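Descriptive structure summary
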Amino acid sequence: MKNLDWKNLAFGYSDTNYNVRCYYRDGKWSELEVSDSTQITLHMAATCLHYGQEAFEGLKAYRGNDGKIRVFRIEENAKRMQSSARGILMQEVPTEIFVEAIHKVVKLNEEFVPPFGTGASLYIRPLLIGSGPQIGVKPANEFMFMVFVMPVGPYFKAGFKPTDYVIYREYDRAAPLGTGNIKVGGNYAASLNAGMRAHNEGFSAVLYLDAREKKYLDECGPANFFGIKGNSYITPKSKSILPSITNNSLRQLALDLGMQVEERQIPVEELAEFNEAGACGTAAVVSPIRSIYDADKDIRYFYGEEPGAISQKLYQKLIDIQYGVEPDLHHWVSIVD
Ligand SMILES: *Cc1c(COP(=O)(O)O)cnc(C)c1O
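Every residue gets a number counted from 1 within its own chain, in the order that chain's sequence is written. Reporting of local features is limited, given that this is a predicted model, to residues whose pLDDT is at least 70; pairs of side-chain atoms are given and counted only at 80 or more, and all residues count toward the totals for whole chains, interfaces and linings. Remark: hydrogens and water are excluded; side-chain values derive from all non-hydrogen atoms of the structure.

1. Here we look at the packing of aromatic side chains
The geometry of an aromatic ring pair comes down to the distance between the two centres and the angle between the two planes. Note the threshold: Pairing of aromatic rings covers Phe, Tyr and the six-membered ring of Trp, with a centre-to-centre limit of 6.5 Å; geometry is then stacked below 30 degrees between planes, edge-to-face above 60, and tilted otherwise. Helix and strand definitions here come from DSSP, where helices need a minimum of 4 consecutive H or I residues and strands a minimum of 2 consecutive E residues; each element is numbered from the N-terminal end. Here the term buried applies to any residue with accessible area under 20% of the maximum for its type, exposed to any over 50%, and partly exposed to those in between, with areas from a 1.4 Å probe on protein chains only.
By the definition in use, this model includes 14 aromatic pairs. Between Phe-203 and Tyr-293, the ring centres sit 6.1 Å apart and the planes meet at 5°, which makes this aromatic pair stacked. Residue Phe-203 is located in the loop between helix 4 (185-200) and strand 10 (205-206), and its partner Tyr-293 is located in strand 15 (residues 285-294); the two are separated by 90 residues in the primary sequence. With relative accessibility at 14%, the residue Phe-203 sits in the buried group.

2. Quick word on the pairing of strand 13 (residues 260-264)
Our working definition: Two strands pair if DSSP finds at least two bridges between them.
As paired strands, strand 12 (residues 232-236) and strand 13 are joined by 5 bridges and run parallel to one another. Across the sheet, Tyr-233 pairs through a bridge with Val-261, a residue of strand 13.

3. Considering empty space enclosed by the protein
Applied cut-off: Detection works on a 1 Å grid of protein atoms alone, calling trapped sets that fit a 1.4 Å probe cavities and calling open sets with protein on both sides within 12 Å along at least five of seven lines pockets, with lining residues defined by an atom within 4 Å of a point. Grid points are joined across faces, edges and corners, and a volume is the space filled by probe spheres set on the points.
Under the defined criterion, the tally for this structure stands at 1 cavity of 30 Å³ or more. Roughly 100 Å³ of volume is contained in the largest cavity. Contributing to the lining of the largest cavity are Gly-58, Leu-59, Lys-60, Tyr-62, Phe-72, Asn-77, Ile-245, Thr-246, Gly-281, Thr-282, Val-285 and Gln-322. For the lining of the largest cavity, the elements supplying multiple residues, two or more each, are strand 5 (59-63) and helix 5 (245-256).

Shown next as structure tokens:
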């Protein structure tokens, strides 16, 4: 295994040994290629550069205390990337190729999978781009799929510690019937200004409202939102949020714990009724929310300096499954060997 400072890894890019790539040309996907270069050669008129034909995924591999390397719900990421591809007219990557690419790239970079107990993991970034040239607004006729990896620590430097979120009504990350429900770079470009302002004003992220009416909660930039009220796990239902696999898993775990699960529109004012609030996604897993500041109304919803008991329990259950500490009753995990 590599000799890295595993316990102090940031959530950020770093080089590893290899990445894998394949190409869609003349109506078919090529064999997977292994590359040790961090560079790609691209046509200057590639549609990813001009018309935003770009989708990505994010998942993680975890080293268990049994030494085995596990990846979490990989088929769900494959399906979601196919849905993103359909959403912006790119060629879908078949599930078999997606799964094979991820197993291969993890295996090739095995020495970068952090040791059990460090809280770190190997972040996996699949990327699909329109690589063929077009100058009229049309989808590409060639596509490139690649997967690279890097060891990461927790997404938020504070770790599992509540942080502050903010609501601004003057920004949207996605239109009501736009691309908010697929994982494309354009949504992230649209969120950079609001995110930068939030950081400058001391918040860890923006909580977006629905773009049409600004009445209901949507999601938190790169993570879904959930609230806990009594024995209920409540999360927004909206056409413009990304269906988070972490959120989907937490809903199942909440049911397993005998909780109620509600997926519905959540009016902003209901923030006052939650006992706990959190953001969830692969990068942050569960990120408890200390407070949400509604900047336009000057209202601060406060949830506590310490993570709520239920958020904590759900988080622990999820990571225990991911690291192979708890039995994988829902068959979410696959072993890389
Ligand atoms: C990737 C992503 C999430 C989290 O999804 P997971 O499958 O849980 O990682 C949430 N919101 C947005 C906008 C995303 O792009």
